[in-house]
Amino acid sequence: MQRFHLALLFLLLAPAVFGQTQQEKLEQRKAQILKEIRINEELLKDVRSKEKSVTSQIVMQNNKIQLKEQLINTTERQTKLLNDDIYRNQLQINKLRKELEDLKEDYADMIVKSYKSRSEQSRAMFLLSSENFLQAYKRAQYMKQYASYRKTQGEEISVKTEKLSERIKEISVQKDAKQKLLEENERERLALVEEKKDQEKLFNAIKKDKKNITAQIKKKQAETKAIDRQIDKLLREAIAAANKKAAAANAKANPRTTAAATKATATSAKIVLTPEGKIIADNFRASKGQLPWPVERGVVTLKYGDQAHPVHRSLVVHNSGVEITTDEGATARAVFNGEVTSVIVLSPVNKAVMIQHGDFFTVYQNLSHVYVNKGDKVSLKQTIGKIRTNGDTGKTVIKFTISQNTTYTNPAAWLAGM
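Residues numbered from 1 in each chain as written. Predicted model: local features only at pLDDT ≥ 70, side-chain atom pairs only at ≥ 80, totals over all residues. Heavy atoms only, no water.

*Asks:* Just to check I follow, could you spell out the pairing of strand β11 (residues 396–404) for this structure?
*Replies:* Remember that side chains alternate between the two faces of the sheet whenever the strand is regular. In terms of residue burial, β11 counts as a mostly covered element, since eight of its nine residues are buried. Bridging between strand β4 (residues 322–326) and β11 involves five bridges; their strand directions are antiparallel. Looking at β11, one finds that valine 322 is bridged to phenylalanine 400. Relative to β11, strand β8 (residues 360–370) runs antiparallel, the two sharing six bridges. Within β11, the position partnered with threonine 362 by the bridge is isoleucine 402. In terms of strand pairing, β11 meets strand β12 (residues 407–409) through three bridges, oriented antiparallel. Bridged to glutamine 404 within β12 is threonine 407. Between β11 and β12, which pair antiparallel in sequence order, lie two residues; one of them, asparagine 405, sits at a positive phi of approximately 55°. (Buried < 20%, exposed > 50% of the residue type's maximum accessible area, 1.4 Å probe, protein only. Helix = DSSP H or I, 4+ residues; strand = E, 2+ residues; numbered from the N terminus. Pairing = 2+ DSSP bridges.)

So this is what it looks like as structure tokens:
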């Protein structure tokens, strides 16, 4: 019976606890979105003051609109959870009111009966009229229990009244919070309408320049592909070097290892992990979705994979990683412990750092200065270089990639809050 009561209590409390947990998560997500919106607005303001082309402004304006839409969606989910809480509390209030009404009615009947038999003489006569001692004893016990029951009923009424008062206060607070969320959402919707109007103006300003934009995109994509090929080559070289080292160590430790097995290890297209390398790779994999960003603050201005150009939707842009716009003078930082396998000079003004984490690699491109060397061990969030600010556009952008061996993966799935 006790287990049944505990199970019933859990079922009654579970929805409220779950709702509270969900509200806390949504509140944290909303705070993150608001932070990203503030950063985006600051960077957009900075870009507008420095850049002649409006293409980058459109990209960042798009990002801001998406963040606003996420904020509205999050607030709507919060409102729904509050509605559920208010409904549950209202049911509880109705139940408490009914119980309180029944208790008061029962208590009033007891008071009336007690009043009618209130004299000490009538109580004494009730005892003295007993036919024997056992009956008298039972009557005395009944009078004692009746008095105790009256006291218990009075206390229960007091407790129920207090609970009812608490529920009414709680539902009042929830209704105020709901009204605040609704007003907040309405403000965000109006702001979103204005953002889209600004976006339309930017589109109109750039619409006629499609030919020039197409040429710029093709040029940039050609440069990007050339860089990707260069990095792919370095990835393969890093894999080969790691496997050659592992094969030599294995041959030394196990003299009976065949030449064919040693060669297979050395020429594998994937890193043959040592026990230590496997631990690092497993730890990196376990951190998926929780890795810090490669910059302290910034906004994603170009996502991973094939995507339509922000202005001319028929043009497809490919990206092997993510591009994050940040503040001028910002530095890049390692997202996990690892070893620097390459410091790459992609152009006179563009350097990159490749860091190995078991059979995973992270690459940090568009650095003007590099603070690490090949073979260095780096730690989580260690500064590895300064991000270059483009002299023509005024933008400070880092390109960040993650690959397992030579297979690229979407950084958004690995970085926290992306």
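*Asks:* Just to check I follow, could you spell out helix α7 (residues 275–286) for this structure?
*Replies:* Three- or four-residue spacings in an α-helix give side chains the same orientation, since the helix completes a turn every 3.6 residues. Across its twelve residues, α7 extends 16 Å between first and last C-alpha, which sits within 8% of the 16 Å expected from 1.5 Å per residue. Along α7, the positions that sit buried rather than exposed are Gly277, Ala281 and Phe284. Seen end-on, α7 carries its buried residues on one side only, within an arc spanning 60°. More than 90 degrees from the buried face of α7, the exposed residues found are Pro275, Glu276, Ile279 and Ala286. Packed against the buried residues of α7 are β7 (350–357), β8 and β11. (Expected span 1.5 Å × (residues − 1). Arc of directions from axis to C-beta. Contact = heavy atoms within 4.5 Å.)

*Asks:* Would you explain unusual backbone geometry in this entry?
*Replies:* In most cases, non-glycine residues show a negative phi, while peptide bonds are predominantly trans. Phi at asparagine 366 takes a positive value of approximately 70°, unusual for a residue other than glycine. You can see asparagine 366 is positioned in strand β8. Of note in the backbone geometry, asparagine 405 takes a positive phi value of approximately 55° without being a glycine. Mapped onto the elements, asparagine 405 comes out in the loop between β11 and β12. Overall, asparagine 405 belongs to the buried group, its relative accessible area being 6%.

*Asks:* When you look at the nonpolar core in this model, what are you seeing that I'm missing?
*Replies:* What tends to happen in soluble globular proteins is that the nonpolar side chains get buried as a cluster. Core analysis: the largest hydrophobic core is formed by 28 residues, its most contacted members being Ile355, Tyr364 and Ile384. Sequence-distant contacts of tyrosine 364, that is, excluding residues within four places in its chain, are made with Pro294, Arg333, Ala334, Val335, Lys351, Ala352, Val353, Ile355, Ile384, Ile398, Lys399 and Phe400. In this structure, Leu234, Leu235, Ile239 and Tyr408 belong to the second largest nonpolar core, which totals 14 residues. (Core = buried A, V, L, I, M, F, W, Y, C linked by side-chain atoms within 4.5 Å.)

*Asks:* Before we go on, may I ask you to explain the pairing of β7 in this structure?
*Replies:* With seven of eight residues buried, β7 is to be regarded as a mostly interior element. Here seven bridges tie strand β6 (residues 338–347) to β7, and the two strands are oriented antiparallel to one another. Following the sheet pairing, serine 342 is matched in β7 by methionine 354. The sheet contact formed by β7 and β8 spans six bridges and is antiparallel. Bridging from a neighbouring strand, isoleucine 355 pairs with threonine 362 of β8. In sequence, β7 turns back onto β8 through a hairpin of two residues, with glycine 358 there showing a positive phi of about 75°.

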